Number of protein chains: 2
Amino acid sequence: MNLKSVLKIIKPSKKEEREMDNFIEKLIETSGKLSKDMKPIICGSVEKDTWLAKKYELDLFLLFSPNITKKQLEEKGLKLAKDIIKILKGRYQIAFAEHPYLRGWVGKFQVDIVPCYKIKHPENIKSAVDRTPHHVRFVKKNLKKPDEVRLLKHFCIANKCYGADVKTLGFSGYLCELLIIKYGSFMDCVKNVSKWRAGHVITFGNEDKERLTKKFKTPLIVIDPVDKNRNVAAAVSVEKFYTFVKACKDFIENPKKEFFFKKPLKPYSIAEISKKIKKRGTRWYLIAFKRPKVIEDILYPQMKRFCKIVGKTVMQNGFEVLRNDFYCNKKCVLILEMKEWQIPKVSKNIGPDVFSKHAEEFLKHYKKEKVFIEGEKWVVELEKEFTEVSQFLKNLFKKPKNELLEGGIPSKIAPLIKNCKIGDGDGAIELMKKLPKEFRIFLREYFEKDLNVV
Amino acid sequence: MNLKSVLKIIKPSKKEEREMDNFIEKLIETSGKLSKDMKPIICGSVEKDTWLAKKYELDLFLLFSPNITKKQLEEKGLKLAKDIIKILKGRYQIAFAEHPYLRGWVGKFQVDIVPCYKIKHPENIKSAVDRTPHHVRFVKKNLKKPDEVRLLKHFCIANKCYGADVKTLGFSGYLCELLIIKYGSFMDCVKNVSKWRAGHVITFGNEDKERLTKKFKTPLIVIDPVDKNRNVAAAVSVEKFYTFVKACKDFIENPKKEFFFKKPLKPYSIAEISKKIKKRGTRWYLIAFKRPKVIEDILYPQMKRFCKIVGKTVMQNGFEVLRNDFYCNKKCVLILEMKEWQIPKVSKNIGPDVFSKHAEEFLKHYKKEKVFIEGEKWVVELEKEFTEVSQFLKNLFKKPKNELLEGGIPSKIAPLIKNCKIGDGDGAIELMKKLPKEFRIFLREYFEKDLNVV
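In this report, we go over the structure that sits alongside the text.

Definitions and limits used
- Residues numbered from 1 in each chain as written.
- Chains lettered and ligands numbered in written order.
- Predicted model: local features only at pLDDT ≥ 70, side-chain atom pairs only at ≥ 80, totals over all residues.
- Heavy atoms only, no water.
- Helix = DSSP H or I, 4+ residues; strand = E, 2+ residues; numbered from the N terminus.
- Buried < 20%, exposed > 50% of the residue type's maximum accessible area, 1.4 Å probe, protein only.
- Contact = heavy atoms within 4.5 Å.
- Areas by Shrake-Rupley, 256 points an atom, 1.4 Å probe, with all protein chains shown as cover.
- Lys, Arg positive; Asp, Glu negative; His and termini not counted.
- Charge placed at Lys NZ, Arg CZ, Asp CG, Glu CD.
- Buried area = accessible area lost by both parts, 1.4 Å probe.
- Salt bridge = Lys/Arg side-chain N within 4 Å of Asp/Glu carboxyl O.
- Polar contact = N/O pair within 3.5 Å; in protein donor to acceptor, adjacent residues only side chain to side chain.
- Nonpolar A, V, L, I, M, F, W, Y, C, P; charged D, E, K, R; others polar.
- Pairing = 2+ DSSP bridges.
- Patch = residues over 30% accessible without salt bridge, like charges linked within 9 Å, V, L, I, M, F, W, Y side chains within 5 Å.
- Least-squares fit on C-alpha atoms with pLDDT ≥ 70 in both.
- Expected span 1.5 Å × (residues − 1).
- Axes fitted to C-alpha atoms, helices over the stretch in contact; angles between N-to-C directions.
- Phe/Tyr/Trp six-rings, centres within 6.5 Å; stacked < 30°, edge-to-face > 60°.
- Lys NZ or Arg CZ within 6 Å of the ring centre and 35° of its normal.
- Parallel < 35°, antiparallel > 145°, perpendicular 65-115°, else oblique.

### Remarks on the overall build of chain A
Consideration 1: Helix and strand counts for chain A stand at 18 helices and 15 strands.
Consideration 2: Oriented by its inertia axes, the alpha-carbon framework of chain A measures out at about 85 × 55 × 50 Å.
Consideration 3: The 454 residues of chain A split such that 52% are buried.
Consideration 4: Long-range pairs, those at least 24 residues apart, make up 66% of the contacts in chain A with a sequence separation of at least 6.
Consideration 5: A total accessible area of about 22600 Å² is found for chain A, and carbon and sulfur atoms account for 51% of it.
Consideration 6: Charged side chains of chain A number 94 positive and 58 negative; the gap between the two group centres comes to 4 Å.

### Let's talk about the interface of chain A and chain B
Interface size is commonly expressed as the accessible surface area that is lost when the partners come together.
Consideration 1: Every contact between the two is made by 53 residues of chain A and, on the other side, 53 residues of chain B.
Consideration 2: Here chain A meets chain B over a buried area of about 4300 Å², counting both sides, of which 56% is carbon and sulfur.
Consideration 3: Taken together, chain A and chain B are joined by 10 salt bridges.
Consideration 4: The salt bridge involving Glu 360 of chain B is made with Arg 197 of chain A; its shortest N-O contact spans 2.7 Å.
Consideration 5: Counting across the chain A and chain B interface gives 25 residue pairs in polar contact (both at pLDDT 80 or more).
Consideration 6: Secondary structure elements with two or more residues in the side of chain A that touches chain B: α10 (238-253), α11 (270-280), β10 (321-328), β12 (346-353), α13 (359-365), β13 (371-374), β14 (377-383) and α18 (437-448) of chain A.
Consideration 7: Broken down by element, the residue count for the side of chain A that touches chain B peaks at 4 residues, all from β13 of chain A.
Consideration 8: A breakdown of the residues in the side of chain A that touches chain B according to their chemical character gives 22 nonpolar, 7 polar and 24 charged.

### Some points on the pattern of salt bridges
Residue and element names in this part refer to chain A.
Consideration 1: Under the defined criterion, the tally for this structure stands at 58 salt bridges over all chains.
Consideration 2: Salt-bridge contacts for Glu 19 lead to Lys 15; the nearest nitrogen and oxygen are separated by 3.5 Å. Remark: Lys 15 and Glu 19 occur in helix α2 (residues 14-34); sequence separation between them is 4 residues, near one turn of the helix.
Consideration 3: The class of Lys 15 is exposed, set by a relative accessible area of 51%.
Consideration 4: Between Glu 19 and Lys 108 there is a salt bridge, with its nearest N and O atoms 3.0 Å apart. Residue Glu 19 is located in helix α2, and its partner Lys 108 is located in the loop between β4 (100-106) and β5 (109-117); the two are separated by 89 residues in the primary sequence.
Consideration 5: Judged by its relative accessible area of 42%, Lys 108 is partly exposed.

### Here we look at the pairing of β14 of chain A
Residues and elements named next belong to chain A.
Consideration 1: Pairing of β12 with β14 involves 6 bridges; the strand directions are antiparallel. Along β14, the bridge assignment pairs Ile 350 with Val 379.
Consideration 2: As paired elements, β13 and β14 share 4 bridges and run antiparallel to each other. Note that in β14 the partner of Ile 373 across the bridge is Trp 378.
Consideration 3: The hairpin formed by β13 and β14 contains 2 residues between the paired strands, and Gly 375 there has a positive phi angle of roughly 60°.

### Overview of a positive patch on the surface
Consideration 1: On the surface, a cluster of positive charge is made up of Lys 290, Lys 293, Lys 331, Lys 421 and Lys 434 of chain A.
Consideration 2: Tracing the chain through its elements places Lys 421 of chain A in strand β15 (residues 421-424).

### A few points about the environment of Gly 351 of chain A
Residue and element names in this part refer to chain A.
Consideration 1: Along the chain, Gly 351 turns up in strand β12.
Consideration 2: Assessed through its relative accessible area of 15%, Gly 351 is described here as buried.
Consideration 3: Separated by 178 residues in the primary sequence, Gly 351 and Gly 173 have C-alpha atoms spaced 53 Å apart.
Consideration 4: Each residue touching Gly 351, except ones within four places of it in the same chain, is listed here: Phe 362, Lys 377, Trp 378 and Val 379.

### As for a nonpolar patch on the surface
Residue and element names in this part refer to chain A.
Consideration 1: A cluster of nonpolar side chains, namely Tyr 92, Ile 94 and Phe 96, defines an oily patch on the protein surface of about 310 Å² accessible area.
Consideration 2: Along the chain, the position of Tyr 92 falls in strand β3 (residues 91-96).
Consideration 3: Owing to a relative accessible area of 32%, Tyr 92 belongs among the partly exposed residues under this scheme.

### A few points about the relation of the copies chain A and chain B
Both copies of the chain are tied together by a single rotation about an axis and a shift running along it.
Consideration 1: Superposition record for chain A on chain B: RMSD 0.1 Å, screw rotation 179°, translation along axis 0.0 Å. This pairing of chains is accounted for by a two-fold axis. Residue Glu 340 of chain A of chain A places its C-alpha closer to the rotation axis than any other residue of that unit, at 4.0 Å.
Consideration 2: A symmetric contact is evident, with 100% of the interface residues of chain A recurring at the interface of chain B.

### A look at helix α18 (residues 437-448) of chain B
All names here are of chain B.
Consideration 1: The end-to-end C-alpha distance of α18 is 17 Å, a good match for the 16 Å that 12 residues give at a rise of 1.5 Å each.
Consideration 2: Residues of α18 that are buried include every one of Phe 439, Arg 440, Ile 441, Phe 442, Leu 443, Arg 444, Tyr 446 and Phe 447, and no others.
Consideration 3: Packed against the buried residues of α18 are α11 (270-280), β9 (283-290), β10 (321-328), β11 (331-338) and α17 (426-433).

### Quick word on the sheet that holds strand β14 (residues 377-383) of chain B
Residue and element names in this part refer to chain B.
Consideration 1: The strand order β12-β14-β13 describes an open sheet built from 3 strands, whose pairing is antiparallel. Two strands close off the open sheet at either side, each with one partner strand: β12 (346-353) and β13 (371-374). The sheet shows a mean angle of 35° between the axes of neighbouring strands, taken without regard to direction.

### Considerations on the packing of aromatic side chains
Consideration 1: Within this structure, the stated rule accounts for 66 aromatic pairs over all chains.
Consideration 2: Judged by centre distance (5.1 Å) and plane angle (80°), the rings of Tyr 327 of chain A and Phe 439 of chain A are edge-to-face. Here Tyr 327 of chain A, found in strand β10, pairs with Phe 439 of chain A, found in helix α18; they are 112 residues apart in sequence, far enough to count as distant.
Consideration 3: Residue class for Tyr 327 of chain A comes out buried when judged on its relative accessible area of 7%.
Consideration 4: Three or more aromatic residues link up through ring pairs in this structure, and these residues are Tyr 268, Trp 284, Tyr 327, Phe 439, Phe 442, Tyr 446 and Phe 447 of chain A.
Consideration 5: Taking the ring centre of Tyr 446 of chain A as reference, the NZ or CZ of Arg 323 of chain A above it sits at 3.9 Å.
Consideration 6: Across from the ring centre of Trp 105 of chain B, 4.4 Å away, lies the NZ or CZ of Arg 91 of chain B, which sits over that ring.

### Things to note about unusual backbone geometry
All names here are of chain A.
Consideration 1: Although it is not a glycine, Lys 89 adopts a positive phi angle of roughly 60°.
Consideration 2: The topology assignment puts Lys 89 in the loop between α4 (70-87) and β3.
Consideration 3: One non-glycine residue, Lys 160, lies in the positive phi region at around 60°.
Consideration 4: Here Lys 160 lies in the loop between α6 (146-158) and α7 (173-183).

### Describing the packing of α7 of chain A against helix α8 (residues 186-193) of chain A
All names here are of chain A.
Consideration 1: Where α7 meets α8, the closest approach of the two axes is 8 Å, and the angle between their N-to-C directions is 95°. Comparing their axes, α8 and α7 come out roughly perpendicular. When α7 is examined against α8, the residues Leu 179, Ile 180 and Tyr 183 are found in contact with a partner set consisting of Phe 186, Asp 188, Cys 189 and Asn 192.
Consideration 2: Of the residues in the contact of α7 with α8, the class split is 5 nonpolar, 1 polar and 1 charged.

### Looking at helix α7 (residues 173-183) of chain B
Residue and element names in this part refer to chain B.
Consideration 1: Among the 11 residues of α7, 9 are classified as buried, and the element is accordingly described as predominantly covered.
Consideration 2: The complete set of buried residues in α7 reads Gly 173, Tyr 174, Leu 175, Cys 176, Glu 177, Leu 178, Leu 179, Ile 180 and Tyr 183.
Consideration 3: Directly after α7, the chain includes Gly 184, whose backbone phi takes a positive value near 95°.

### Re the packing of α6 of chain A against α8 of chain A
All names here are of chain A.
Consideration 1: Two elements in contact, α6 and α8, have axes whose closest approach is 9 Å; the angle formed by their N-to-C orientations is 45°. When the axes of α6 and α8 are compared, the pair comes out oblique. Residue-level inspection shows Glu 148, Leu 151, Leu 152 and Phe 155 of α6 in contact with α8, the latter providing Phe 186, Met 187 and Cys 189.

### Comments concerning the environment of Pro 301 of chain A
Residue and element names in this part refer to chain A.
Consideration 1: Mapped onto the secondary structure, Pro 301 falls in helix α12 (residues 296-316).
Consideration 2: Judged by relative accessible area, which is 31%, Pro 301 ranks as partly exposed.
Consideration 3: Measuring from C-alpha to C-alpha, the distance between Pro 301 and Pro 410 comes to 9.1 Å, with 109 residues separating the pair along the chain.
Consideration 4: Those residues in contact with Pro 301 that sit more than four places away from it in its chain are Val 166 and Glu 296.

Written out as structure tokens, the structure is:
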């Protein structure tokens, strides 16, 4: 296949580049006029020449002297940022990372204005943002073929593993740049990645890889060339790691342009879903509730925790979960795919070995119950409070907020969950009908997921 | 309570003793007349004065010189035994333990005639039977109050833990005698036993108990005073051990004559069973087949193994067994009390950690399946061949005999199992109706079992 034809589509046109250059010139000029206390520089993919067509996004870093306090830096920086956007007749909002920064929109451009300290050596930085100018410098110095990064970034986007945000937990732009610096070209990168396994280590010096594996317990370890103590791939989840490896492997085996421009997945029809569930013979529960009004960076970790805690609680009551997962859009939806609708009233609790020193505690604890012996273990049969999954879930979700919080239900979800709708069996199908088609795309991914990289 | 009133019932009357003495006299006389090559002696509870009323059972040991071969011993011994019974006008059959012996019936008396070697020191014995005369000698020398043994034996009988046979796995007569020698009286024995816990050690010398615990891994260790390498309580199962402890504890807390003369348990009615099962909410399977024509010593271990292997096989297919047990009478009946009738078609197989070196084998093994990641584990979903318990059991039992044997189904059961009847749910209840009332007594024990000794 011809990668040039891909580049033709994803690389900014001459016109786009000119527009970007003009906007940058205006930004720097405006900043310089407003203040002599700092040095304005452009960071991000634009500066590194790795930005993608139609992505009019850039970062303006305001480099202040390390002699001023953090408070002064924030105040001066934000004031200056606001003034810049005002002069350029844009709109803005304050955003927060480790420190506040400003996100502004001017025409079709989105610019993040970030105040930071100008630090000569990256090992002396005062906060993470101070590191960014050093990243830019390293990439500019070492990246020979920026177009190869564009290919890799777009490949990641198409295969749903681009972005280090908490929703994606994938590969950042800087990480893509480092991979191209490491492997030289898109094709060589993909060839190498297709053979990666969890725990892969990449360094730009001669660090001891075994030591690094012990230090960073992540699927991918990429030591930041500007800071040896930092793993650039820290955010990459195991799932996204193998999603990337699998995409690379599939691409190597059958290189096609489609890997860059994936058609959106066709949503399952309700009939297809019903058929699929029937074939699996599993018992479906959907729990739908209003989406909390928080940004994705807060929502996704909370939904993940919620999903995990509900699965665990249900299991502890003796209901066996086959899979559980969640989906967020305007509604949040938790899925419990269960082995059963119902379990017996009686459940068996296998205690310690009759020869164990813990046997006595067990017997004391169940003094009021009938106990007996199976093999060489003490056993007690207990009565379950709940024998039906729906009944158990309803009881769980109607609990007062403080109890939910104590039980580990995340803070933004706890107040909304009592108004949830629980659909089981046909009820789950009915609920699905009311959800947008994205949910049915999500279900296709749920059913057809395959990460076998062998 | 008055133990004397118990003794009045369980101790042989003067008349019984006279009858027994007369019979013994005849036995010894007849033996002596028939052969001068051996010395006839009486062993067993009769000789030790610990026999129970109406138990006209005794052992006649024929002590031969150790100079003859085992073959000669068997031939001479059995011939002599047969002749004795013939002269006394009784009937007999050959029985087998470590060596053949003869069981004869003369009038109301049952006599086991056992040929053995006369060995001066028990450490030089040639087979287990040679040890018996030494046991008798030890008990006669050390047992001060034989009536206390009678109480203990009867107590064990009433509480279903008397007998070292493979069906009972309980306390032998000799073991009861040793316990009384150890503790002095029935009451002191019971008081002590009520505090026993699994791993209890009793010695008649000053052996190192810790070493013995490691050597004999049984719930009760009683070192034979005539052979330090032998555990007299080797046969006692954990269940019978605690049955005995519990009976002693209950007796101490509330001493009543009923502990010696338990009314037979009232069988459950079919209605009671149905109610009980409904309340437990469990799924019942009864597997009934013809009793193999073998003695209990062979039948019970085989049924136990059969029960275990079926439980395990069913579990391995994903069906969860809550309890399984068996009952034997004219029919053999296996019980499977299950958590479910049915499981989903799809089942989850959790593989190795993604960071494990076994991950690659897993991926290769499931190359043709879709795999994905949960937490940090590789996971594959597989299709079950059987989703219904009955369907699975039917398929299992219709297999050819050789496959059953290879699968661990015991030899005497394998040929009969293909003609079994499987009853589930109401079908199980229907099957129960055809079984004798003893099965419904067995079910009372099944449901009401309680061994809490705290």
